[in-house]
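Analysis of the macromolecular model
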Amino acid sequence: MGGSGEPEILVKVRVEETHGGFAVDEHKILVSEVVNERLAGPFVSVPIRNDGEDQIELSGVTSQDVALEIDVLQDLPMRLQPGQSKSLNLRISLNNSPPPPIAQLAIACLRAGGHNYLFESTVSVIFSRKRLNSPHRFTFLHKSGVISYAILRPPQEDLFHGMEPVKQLPILLNLHGAGLEADSQQLRSTFDLLPDLAAWVLFPSGVSPWCGDDWRANFPGYTLRFLTDCRPDTWGFADVEASVAAIKDWIKAVKWQGPSVNTCKWLVSGHSNGGYVPYGMWTELDPRINFLLQDSLKSFRHELLVENCSAVPLLLQHGSGDDNVPAFHSRRMNQLVSQSREDKPSGYTEFKGKGHWFDGIMVTAPLRAFYHKILHSEASWPELPLGFSIVVANPSDMGPRGGLIVDQLVDPGCLGKIRVTRHPATSSWTLRTSNIYRFHFTHSNFTTTPSMVEIDKDSLALPAARTLNPAWLVRSNGGHWRVSDDETWLLKERHGAQLGTLDAITRSHGCFLIRFQPSSIYHFALQVSRNLYQYLSADSEIVEVTSDENDMNGNNGNIISLGISGSFPSSPYAKSFPIQILEDQGLSIRTSDSVLTVFEFQEGLGVIMLRPLPRERLELVIWGFDIFGLRSASRLLPILTGVAQPEFVVVSKRCSWQGAGGVLAMGSFDRHWNVTQSSFIT
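Sequence positions are assigned chain by chain, starting from 1 and proceeding in written order. This being a predicted model, a pLDDT of at least 70 is required before a residue's local features are given, and a value of 80 or more before pairs of side-chain atoms are given or counted; all residues contribute to the totals for chains, interfaces and linings. For the side-chain quantities, the full set of heavy atoms in the structure was used; hydrogens and water were omitted.

Some details on the overall build of the chain
Definition in use: Only runs of H or I of at least four residues qualify as helices and only runs of E of at least two qualify as strands under DSSP, and these elements are numbered from the N terminus. As defined in this context, the radius of gyration uses C-alpha atoms, and a globule is described by 2.2 Å times the residue total to the power 0.38. Here the term buried applies to any residue with accessible area under 20% of the maximum for its type, exposed to any over 50%, and partly exposed to those in between, with areas from a 1.4 Å probe on protein chains only. Each accessible area is a Shrake-Rupley estimate made with a 1.4 Å probe; only the visible protein chains count as cover when residues are assessed. Under the counting rule used here, the positive set is Lys and Arg, the negative set is Asp and Glu, and His together with the chain ends is not counted. Here the site of a charge means NZ on Lys, CZ on Arg, CG on Asp, or CD on Glu.
The secondary structure content of the chain amounts to 9 helices and 39 strands. Taken against the 2.2 N^0.38 rule, which gives 26 Å for 682 residues, the C-alpha radius of gyration of the chain at 26 Å falls within 12% of a compact globule. Each principal axis of the C-alpha distribution contributes one length, and for the chain these read about 70 × 70 × 60 Å. Put simply, the chain has 682 residues, and 56% of those count as buried. Within the structure as shown, the chain displays about 29500 Å² of accessible surface, and the carbon and sulfur contribution to it stands at 50%. For the chain, the separation between the mean place of its 60 positive charges and that of its 71 negative charges on side chains is 5 Å.

This is the structure in structure tokens:
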């Protein structure tokens, strides 16, 4: 991590004896805390595990407390495969009764196998109490269906005496660094020295301390956010949006009598990976491979996206003695931001001798002044400037600005840019675009969308902005623009949650379905499930592929398919896909200009890649010609942040000692799911 001194690894191992069968980790049960004698959130997550050799089916959960009603959020019976860990997700209702100190829940199970039998497992759920205005834990649903939590500090009581409940206060978000649990005393006490902030203080968890994509999405640098319509974000940022939306549910749950919340006004603070962390690497690679790896990281390259920060108040600070992230990076970021916004330069403070973390780091004198200036004055919230730029690395990682949303790029391997000049007197905008193929306007609470636009060479009249069934502005091959309300492209072309690198698979709106074939590779499917649960707290179901392909249609979430030897896992949606297995020949790749390359079957050959599914879903295919190739490909499962992972990677045995230098092919897909010509194919 860039530290000083001799490298040292300390390992602490804890060994516990298990007796097989069904197990519950009661120490990791996730439940809201109690404030005002009311539960701050209704959701409970119970970690469960199958330590036996037979499948276990959960059929229901009950409580002896008549005031406690329990709903299981997953479909019943819920299958738990041998060796699998997952969370049992519950919604509880207390019928206006105060929560008891402890609730006993009974989980009804059926163990399958040679001797089926029913049994019950008893679980204790502890409800801890906190003061209403102290930082406390509340739970909510992530878009994937798993239960997450955040730490919330409502506005202090002495701030809103005499303030009408209709008064809306903004949100002060604090994003933690990599590996840090939001539910820690360190984070809860972050703003204790600033009790007078006129804001809802929110500490999102990211679902887990090691979220696969951390907080990357929509806005570089995480300063002020004033967006109204969000795209399908990856795992960590989707958790931020869910926690913000859940504040309104919290207000109802605890019968809050103070000011309401403005969920569209965010003042964002963060430390380490919750602020800005550079991503770099030593490279001894073919320049084409290096280009593709760097390209797959462009959504992490905040220095390329600083123009999006124009007119947004921004304050950076760093300790000069930081031996984890050198202060040079913040100095350089401050320089880049200042160059992109000559009218309002950013603020930068460097604390002599201070390290990566120090007591009071989030409440230094410059930050206190910054918080108070923004949160205590409506005039400090910026309006949309008359001229601004939008820089897009990946449309699915970028929300709207001024109501303008980019849907597709011409070349996904290059940045897209739009330079905007607004003319309020005539309700018109002038746009100059680069590498933009399709965009649209949506309703914005912060500005009026134009009725006329001049785009490059063309002047176009626009219909009123609408969220559903928008009118798109589409670029022709000749560079001219037209307005189109034709929706058929949504059925044929790649868009929305399907865009991006391998980590696009985490934009799942439901439980992951893990398919495998044949049965001999079950342990690979199990490891994928374990990794998803360990790093993302994600829920998954493991099934063996049958000849019936309906298992791909009944699932709302994304799918991960594993296969070995002479064929890919079957899919009715990939019969003309450009990457295929040719019987008795090898793995073939067809580029957009119809050039076909075949990699003969060989020891260690494998591939990991995205494939399309209906309803804006994705399938992640992990295949190996043999166990070695399958193992190499499965290790590229996108669960770690800042790792360069293009949209498909073909691995060879050489990857075990050459890393990325041993790949046979890697690259991206265009909007028609063709392999782009910029992809690397040996």
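Some details on the sheet that holds strand β21 (residues 404–409)
Hydrogen bonds along the backbone pair up the strands of a sheet, which may run parallel or antiparallel. The following threshold applies: Strands pair, by our definition, only if DSSP identifies at least two bridges between them. To get an axis, a line is fitted to the C-alpha atoms, and for a helix only the part in contact is used. The angle between two axes follows their N-to-C directions and goes from 0 to 180 degrees.
If you trace the 4 strands from one edge of the open sheet to the other, you get β21-β24-β27-β28, paired in antiparallel fashion. Looking at strand neighbours, the two that pair on one side only are β21 and β28 (481–484), the edges of this open sheet. Taking each pair of neighbouring strands and ignoring which way they run, the sheet shows an average axis angle of 25 degrees. Across 3 bridges, the pairing between strand β24 (residues 436–441) and strand β27 (residues 472–475) is antiparallel.

Focus: the packing of aromatic side chains
Any pair of aromatic rings gets described here by the distance separating the centres and the angle formed by the planes. Operational definition: The criterion for an aromatic pair is that two Phe, Tyr or Trp rings (for Trp, the six-membered ring) have centres within 6.5 Å, with stacked assigned to planes under 30 degrees apart, edge-to-face to planes over 60 apart and tilted to the rest. Placement of a charge over a ring requires the Lys NZ or Arg CZ to be within 6 Å of the ring centre, with the centre-to-atom vector within 35 degrees of the ring normal.
Applying the stated criterion across every chain, the model contains 23 aromatic pairs. A centroid spacing of 5.5 Å and a plane angle of 55 degrees characterise the contact between Trp-250 and Trp-256, whose relative ring orientation is tilted. Its relative accessible area of 0% is what places Trp-250 among the buried residues. Given the relative accessible area of 9%, Trp-256 is considered buried. Between Phe-601 and Trp-623 the ring centres are 6.4 Å apart and the planes differ by 45 degrees, which places this aromatic pair in the tilted class. Here the residue Phe-601 occupies a position in the loop between β34 (596–600) and β35 (606–613), and Trp-623 occupies one in strand β36 (residues 617–624), the gap between them amounting to 22 residues. The structure contains a cluster of three or more aromatic residues connected by ring pairs, namely Phe-388, Trp-429, Phe-439, Phe-441 and Trp-481. The cationic tip of Arg-438 hangs over the ring face of Trp-489; the distance from NZ or CZ to the ring centre is 3.9 Å.

Focus on unusual backbone geometry
Omega for the bond connecting Leu-76 with Pro-77 falls within 30 degrees of zero, at 0 degrees, which places this linkage in the cis form. Within the secondary structure, Pro-77 sits in the loop between β7 (69–72) and β8 (78–80). Following Gln-517, the chain continues into Pro-518 via a peptide bond in cis, with omega recorded as 5 degrees. One can find Pro-518 in the loop between β29 (512–517) and α7 (522–536). One non-glycine residue with positive phi stands out, namely Asn-435, at about 65 degrees. Its place among the elements puts Asn-435 in the loop between β23 (428–434) and β24. Positive phi, close to 70 degrees, is recorded for Ser-594, a residue that is not glycine.

Some details on helix α3 (residues 287–296)
Our working definition: The directions from the helix axis to the C-beta atoms are what the arc is built from. Any two residues having at least one pair of non-hydrogen atoms within 4.5 Å are treated as being in contact. Here a polar contact means two N or O atoms within 3.5 Å. Within protein one must be a hydrogen donor candidate and the other an acceptor candidate, and residues neighboring in sequence count only if both atoms are side-chain atoms.
Among the residues of α3, Ile-289, Leu-292, Leu-293, Asp-295 and Ser-296 are the ones counted as buried. Along the axis of α3, the buried residues cluster in a sector spanning 160 degrees; they form a single face. Looking at the buried side of α3, the elements it contacts are β38 (665–667) and β39 (680–681). Where α3 begins, the capping side chain belongs to Asp-286, and its oxygen is found 2.8 Å from the backbone nitrogen of Arg-288.

Remarks on the confidence of the model for the chain
This is how the line gets drawn: pLDDT gives the predictor's per-residue confidence on a scale running from 0 to 100.
When pLDDT is averaged across the chain, the result is 87; 90% of the residues are at 70 or more. Predicted confidence is poor over residues 218–230, with pLDDT under 50, and the contacts of this stretch with residues over four places away or in other chains come to 65 contacts.

Let's talk about the side chain of Arg-153
To be explicit about the condition: Each reported salt bridge corresponds to a side-chain nitrogen of Lys or Arg within 4 Å of a carboxyl oxygen of Asp or Glu.
Along the chain, Arg-153 falls in strand β13 (residues 147–153). The side chain of Arg-153 is buried and forms no salt bridge, while Asp-192, the nearest opposite charge, is found at 4.9 Å. A polar contact is formed between the side chain of Arg-153 and the backbone oxygen of Phe-191, at a distance of 2.9 Å. Among the polar contacts listed, one links the side chain of Arg-153 to the backbone oxygen of Leu-194, at a separation of 2.9 Å. Those residues in contact with Arg-153, other than ones at most four positions away along the chain, are Asn-133, Ser-134, Pro-135, Phe-191, Asp-192, Leu-194, Pro-195, Leu-197, Ala-199, Trp-200 and Val-201.

Considering the pattern of salt bridges
Under the definition given, this model contains 22 salt bridges. With a closest N to O distance of 2.4 Å, Arg-301 and Glu-303 form a salt bridge. A relative accessible area of 23% means that Glu-303 is categorised as partly exposed. Arg-671 is the partner of Glu-493 in a salt bridge, and the nearest nitrogen-oxygen pair spans 3.9 Å. Linking Glu-493 in the loop between α6 (489–492) and β29 with Arg-671 in the loop between β38 and β39, this pair joins segments that are 178 residues apart in sequence. Grouping residues by exposure puts Glu-493 and Arg-671 together as buried. Connected through shared salt-bridge partners, Glu-33, Arg-137, Asp-183 and Arg-188 make up one network.

Description of the pairing of strand β10 (residues 102–111)
Two elements, strand β6 (residues 56–63) and β10, share 7 bridges in a ladder whose sense is antiparallel. Its bridge partner being in β10, Thr-62 is matched across the sheet by Ala-106. The pairing of β10 with strand β11 (residues 117–126) spans 10 bridges and is classified as antiparallel. From the neighbouring strand, Ile-107 faces β11, where its bridge partner is Ser-121.

Structural notes on the pairing of strand β25 (residues 452–455)
The two faces of β25 differ: Val-453 and Ile-455 on one face are buried, but Met-452 and Glu-454 on the other face are not. Relative to β25, β23 runs parallel, the two being bridged by 4 bridges. Opposite Trp-429, over in β25, you have Val-453 as the bridge partner. As defined by bridge partners, β25 adjoins strand β26 (residues 458–461) across 4 bridges and the pair is classed as antiparallel. Within β26, the residue paired with Ile-455 across the bridge is Asp-458. From the end of β25 to the start of β26, which pair antiparallel, there are 2 residues, and Asp-456 there has a positive phi angle of about 50 degrees.

Focus: the nonpolar core
For the record, the criterion: The definition of a nonpolar core used throughout is a set of buried Ala, Val, Leu, Ile, Met, Phe, Trp, Tyr and Cys residues joined through side-chain atoms within 4.5 Å.
Counting residues in hydrophobic clusters, the biggest one holds 64 residues, and the most contacted among them are Leu-532, Ile-560, Leu-562, Ile-579, Leu-587, Ile-589 and Ile-622. The element best represented in this core is α7, accounting for 7 residues. Excluding its chain neighbours within four sequence positions, the residues that come into contact with Leu-532 are Phe-512, Ile-514, Ser-537, Ala-538, Ile-560, Leu-637 and Ile-639.

Things to note about the environment of Val-72
Along the polypeptide, Val-72 turns up in strand β7. Here the alpha-carbon distance between Val-72 and Asn-469, two residues 397 residues apart in the chain, equals 35 Å. Discounting residues that sit within four places of it in the chain, Val-72 has contacts with Val-61, Leu-88, Asn-89 and Leu-90.

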